[in-house]
Amino acid sequence: MEGYRSFLFFLVSSLLFGFLGVIFVLVWVLYWREGLAWNGGAAEFNLHPLLVITGFVFIEGIAIIVYRLPWTWKCSKLLMKCIHAGLHLVAIVLVIVAMVAVFEYHNSFKIPNMFSLHSWVGLTVVILFFLQLVMSIFVFLLPIASDSLRAALMPIHGYMGLLLYGSIIATCLMGITEKLIFTLKEPPYSKLPPEAIFVNTLGLLIVVFGGLVIWIATRPAWKRPPNYDV
Ligand code: ASC
């Protein structure tokens, strides 16, 4: 593989930032917030950031770059497609649970649903992600579509995947920001208490992780070589 050491550097860095992001969101909800529970309360809301960042940022990031891992190039293309699709599936299931958690929390406290830009972009991304997943299973995974249809849709698949991933990162930043504005009162967010610094850092970790994933995914030299496509 051309640039193997550089690939390893980006891979290890991305995993480090990704792990740190998941650890930070866990520490946020367990240490600064109300913990985790399925009880209709604030602890149920906390599952929302935890599951979205774990599923839609971290696991989804791995799903995007899984073909780039040179150790997998000996595996059959079909197996890799199943892993790629399977990780997307795990991600969307976690995000659906995360959305149920937030609606239940809102409804039990009579907080309005779907008013914020975070919720508009977020729901749009989830619907488009689901459509992309179903469409891609029919086009690329099942032996139904012709090669010419696959070739025609491949650039759209890759573009939509990265567009949605970038939008996921943006949606997380909006969600984190609005949560801090809503919950930090004494002292307020504008006074930058320790929780705000910690959670702003979580946002930065997510941006760097997303940036590294998109960099790895878009290096032509790091693509799975076509001669391995069996
Ligand atoms: C697939 C597959 C590829 C692409 C190619 C079209 O399903 O395995 O390598 O689509 O056939 O670009």
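Provided above is the structure to which this section pertains.
What you see is a predicted model; the values in this text were computed from it and never measured.

What should I look at first to understand the site of the ligand in this one?
Taken together, K77, K81, F140, D147, R150, A151 and M154 make up all the residues around the ligand. K77 is positioned such that a nitrogen or oxygen atom in its side chain is 2.7 Å from an oxygen atom of the ligand. For the ligand, an oxygen atom lies 2.8 Å from a polar atom in the side chain of K81. Burial of the ligand by the surrounding chains reaches 72%, relative to a free accessible area of 310 Å².

Just to check I follow, could you spell out unusual backbone geometry for this structure?
Across residues other than glycine, the phi torsion is negative in most instances, and most of the peptide bonds are trans. For the bond from E186 to P187, the omega torsion is 0°, close enough to zero to count as cis. Here P187 shows up in the loop between α6 (147–183) and α7 (194–217). Even without being glycine, K110 reaches a positive phi, approximately 55°. Positionally, K110 belongs in the loop between α4 (77–108) and α5 (117–141). On the basis of relative accessibility, which here comes to 74%, the residue K110 falls in the exposed class. Within the chain, L192 stands out as a residue other than glycine whose phi angle is a positive 50°. Examined against the element boundaries, L192 turns out to sit in the loop between α6 and α7.

What exactly am I supposed to notice about the pattern of salt bridges here?
Charged atoms that come close allow side chains of opposite charge to pair. Going through the model one piece at a time under the given rule, you end up with two salt bridges. For E34, the salt bridge identified is with R33, shortest N-O distance 3.4 Å. Where R33 meets E195, a salt bridge forms, and the shortest distance between an N and an O atom there is 3.0 Å. Placement of R33 in the loop between α1 (4–32) and α2 (42–45) and of E195 in helix α7 is noted, with a sequence separation of 162 residues between them. Residues joined in a network through salt bridges with shared partners are R33, E34 and E195.

What is the right way to read a nonpolar patch on the surface from this model?
On the surface, a cluster of nonpolar side chains totalling about 700 Å² of accessible area is made up of I127, L128, F130, L131, V134, F138, L142 and I144. Note that I127 resides in helix α5.

Got a minute to help me understand α6 in this structure?
Three or four residues apart is the spacing at which side chains of an α-helix point the same way, because the helix has 3.6 residues per turn. With 37 residues, α6 extends 52 Å from end C-alpha to end C-alpha; this agrees with the ideal 54 Å at 1.5 Å per step. By the largest-angle criterion, L153 marks the main kink of α6, which is about 35°, and a proline, P155, follows within four residues.

Just checking my understanding: could you explain the packing of aromatic side chains for this structure?
Note on aromatic pairs: each is described by the distance of the centres and the angle between the planes. Scanning the model with the defined rule gives 13 aromatic pairs in all. Considering the side-chain rings of F9 and F10, the 5.6 Å spacing of their centres and the 85° angle between planes classify their relative orientation as edge-to-face. Accessibility expressed as a relative area gives 55% for F9, which makes it exposed. In this structure an aromatic cluster arises from ring pairing among F7, F9, F10, W71, W215 and W222. In this structure, K179 packs its charged tip against the face of F45, placed 3.9 Å from the ring centre. When the ring centre of W215 is taken as reference, the NZ or CZ atom of R219 above it lies at 3.5 Å.

Here is what the cut-offs are and how they apply
- Position numbers for residues start from 1 in each chain and track the written sequence from start to end.
- In keeping with the predicted nature of the model, local features appear solely for residues at pLDDT of at least 70, side-chain atom pairs appear and are counted solely at 80 or more, and the whole-chain, interface and lining totals rest on all residues.
- Think of the side-chain values as coming from all heavy atoms in the structure, minus any hydrogens and water.
- Residue proximity to a molecule or strand is established when one non-hydrogen atom of the residue lies within 4 Å of it.
- We call two N or O atoms a polar contact when they sit within 3.5 Å, provided that within protein one can donate a hydrogen and the other can accept it, with sequence-adjacent residues counted only if both atoms are side-chain atoms.
- In this description, accessible areas are obtained by the Shrake-Rupley approach with a 1.4 Å probe, and a residue is regarded as covered only by the protein chains that are shown.
- Only DSSP runs of H or I with at least four residues qualify as helices, and only runs of E with at least two residues qualify as strands; both kinds are numbered from the N terminus onward.
- A simple rule labels every residue: compare its accessible area, found with a 1.4 Å probe on the protein chains alone, to the largest value its type can have, and call it buried under 20%, exposed over 50%, or partly exposed in between.
- What makes a salt bridge here is a side-chain nitrogen of Lys or Arg within 4 Å of a carboxyl oxygen of Asp or Glu, nothing more.
- Residues qualify for a patch when their relative accessible area is over 30% and they have no salt bridge, like charges being joined within 9 Å and the nonpolar side chains of Val, Leu, Ile, Met, Phe, Trp and Tyr within 5 Å.
- One fewer than the residue count of a helix, multiplied by 1.5 Å, yields its expected span.
- Here the bend at a residue is taken as the angle between two axes, fitted respectively to the seven residues that end there and the seven that start there.
- A pair of aromatic rings is counted whenever rings of Phe, Tyr or Trp (Trp by its six-membered ring) have centres within 6.5 Å, and the orientation is called stacked for planes under 30 degrees apart, edge-to-face for over 60 and tilted otherwise.
- Our definition puts a charge over a ring when NZ of Lys or CZ of Arg is within 6 Å of the ring centre and also within 35 degrees of the ring normal.

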